[in-house]
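Overview (structure and organization)
Each chain, written out:
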Amino acid sequence: MATTPFQPRVIYSPGYDIHFLGLEKLHPFDSCKYSRAWNVLLDRWGDRIQSLCITPTDPAPVDMLRMVHTDDHLAQLGRSRYVASALELDSLRFLPAGILDSRVLRPMRLATMGTVIAAQTALNTGIAINLSGGYHHASQDRGEGFCVYSDIAIAIAVLRQSQAITADDSVVIIDLDAHQGNGLARIFHQDATVHILDMYNRDIYPHDAWAANRINCALPLTSGTRDERYLRVLQGALPVFLQTIPQPQIAFYNAGTDIYEQDPLGRLSVSQQGILARDRFVFQTLTNAGIPWVMVLSGGYTQESYQLVADSVADVLQTWGRI
Ligand SMILES: [Zn+2]
């Protein structure tokens, strides 16, 4: 992959935002961080960012979802109680399933298609950022932790099916969201060609020991971990890990911003500057290793989360986007 040009693309649709009757205010999740991050980039670069943007027009179809998820899980998503449980928003169980599908699940299927497009794009351009996705708690047969579709696993399945990569090709997932990515570890439990580095707060949800056992490079942290230690652990582990696995054909970077010191769910203490330093380190490490990479947003639950995302995307565009 030494010839990969590394010219970034941003995958985004206004349809990523989740609006449902004001109930989003019951959840700490900023369900419009996607458009807010995009608007920061648009204000800064105007039409020039449009030329780097790819907009998914259709949500991931059911045949694509079935490449990873069981029929039972997909059928259960037609029940409001099941969706409310997966999204951890109990009050949603009283809403008609049709409204939940159009207002909540459809944006997530659109974002899933965005991750698929990002993966296909990254193989050509080296860098693709989907301004949503990163649903790392969803597994084959269940949704949890605000995740119902495993967008990264679906993207890997699509790449394999289209023979953009083979089943033997090495793939790496770098999961730096504050929560352990248990859904991905479960999906790839028997798939040794997918290599997982996961750095997470061990003191918080999901406490999934069986899934954690699958992680190739587990970097558990404790609540309150600050910039210096966080960055030291990452910088010590990531380059070494990449040297121990076969050269990946593609990397998925799950760039959750819920490691932020103000985040109520992640309970780590990484500053705004620390998050930018983390993301820069991952971007540079992957690019220097000649590995095409996809970034997805994953968690991030504060009113500043969109700005943290915009800071990192702006850094990518300035460094590699010739913008
Ligand atoms: Zn998280």
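Everything numeric here is computed off the predicted structure, so don't read it as measured data.

1. A closer look at the pairing of strand 4 (residues 171–175)
- Counting buried positions along strand 4 yields five of five residues, so the element is predominantly enclosed.
- By the alternation rule, side chains of strand 4 split into Val 171, Ile 173 and Asp 175 and Val 172 and Ile 174, which are all buried.
- Where strand 4 meets strand 5 (residues 194–201), five bridges bridge the pair, whose relative direction is parallel. The partner of Val 171 across the bridge, within strand 5, is Val 194.
- Regarding topology, helix 8 (residues 182–187) serves as the crossover connection from strand 4 to the parallel strand 5, and that connection is right-handed.
- Taken together, the five bridges between strand 4 and strand 7 (residues 250–254) define a ladder with parallel strand orientation. Looking across to strand 7, one finds that Asp 175 is bridged to Asn 254.

2. Some points on unusual backbone geometry
- Following Tyr 205, the chain continues to Pro 206 via a peptide bond in cis, the omega torsion being 10°.
- As for its placement among the helices and strands, Pro 206 is situated in the loop between strand 5 and helix 9 (209–212).
- Phi is positive for Glu 88, which is not a glycine, with a value near 55°.
- Among the residues examined, Glu 88 registers a relative accessible area of 48% and is labelled partly exposed.
- At Ser 298, a residue that is not glycine, the phi angle is positive and equals roughly 55°.
- Relative to the assigned elements, Ser 298 resides in the loop between strand 8 (293–296) and helix 12 (305–320).

3. Notes on the confidence of the model for the protein
- Looking at the protein as a whole, its pLDDT mean stands at 95, while 96% of the residues score no less than 70.
- Put simply, helix 2 (residues 47–50) is where the protein has its lowest mean pLDDT, 92, and strand 4 is where it has its highest, 99.

4. Points about the sheet that holds strand 7
- Strand order in this open sheet of eight strands is 2-1-3-8-7-4-5-6, and the pairing throughout is parallel. Of all strands in the sheet, those bounded by a partner on one side alone are strand 2 (53–54) and strand 6 (217–221).
- Across the face of the sheet, helix 6 (residues 97–125) comes into contact with strand 1 (9–11), strand 2, strand 3 (127–130), strand 7 and strand 8 while running at roughly 170° to strand 3.
- Taken strand by strand, helix 12 contacts strand 1, strand 3 and strand 8, and its axis lies near 160° from that of strand 3.

5. With respect to the coordination of the zinc ion
- Looking at the zinc ion, one finds its protein donor set to be Asp 177 (OD), Asp 177 (OD), His 179 (ND1) and Asp 258 (OD), positioned 1.9 to 2.8 Å from the metal centre.
- Every donor counted, the four donor atoms about the zinc ion form angles of 52 to 154° at the centre, which fits irregular coordination.
- The sequence pattern formed by the donor residues of the zinc ion is D-x1-H-x78-D. When sorted by exposure, Asp 177 lands in the same class as His 179, which is buried.

6. Thoughts on the environment of Ala 97
- With respect to the secondary-structure elements, Ala 97 resides in helix 6.
- Through-space distance from the C-alpha of Ala 97 to that of Leu 77 is 8.2 Å; in sequence the pair is 20 residues apart.

7. Quick word on the packing of helix 6 against helix 7 (residues 151–161)
- Running from N to C, helix 6 and helix 7 point in directions that differ by 45°, and their axes come no closer than 8 Å. It follows from the interaxial angle that helix 6 and helix 7 lie oblique. Helix 7 is crossed by helix 6, and the crossing has right-handed handedness. On helix 7, the residues that touch Thr 112, Thr 115, Val 116, Ala 119, Gln 120 and Leu 123 of helix 6 are Asp 151, Ile 152, Ile 154, Ala 155, Val 158 and Leu 159.
- By residue class, the composition of the contact of helix 6 with helix 7 is eight nonpolar, three polar and one charged.

Here is what the cut-offs are and how they apply
- Residues numbered from 1 in each chain as written.
- Predicted model: local features only at pLDDT ≥ 70, side-chain atom pairs only at ≥ 80, totals over all residues.
- Heavy atoms only, no water.
- Buried < 20%, exposed > 50% of the residue type's maximum accessible area, 1.4 Å probe, protein only.
- Helix = DSSP H or I, 4+ residues; strand = E, 2+ residues; numbered from the N terminus.
- Pairing = 2+ DSSP bridges.
- Right-handed = clockwise from strand over helix to strand, strands pointing away.
- pLDDT = per-residue confidence, 0-100.
- Contact = heavy atoms within 4.5 Å.
- Axes fitted to C-alpha atoms, helices over the stretch in contact; angles between N-to-C directions.
- Donors = N, O, S within 2.8 Å, 3.2 Å for Na, K, Ca; no water.
- Tetrahedral: all angles 85-135°; square planar, octahedral: opposite > 155°, others 65-115°.
- Parallel < 35°, antiparallel > 145°, perpendicular 65-115°, else oblique.
- Left-handed = near helix turned anticlockwise from the far one by under 90°.
- Nonpolar A, V, L, I, M, F, W, Y, C, P; charged D, E, K, R; others polar.

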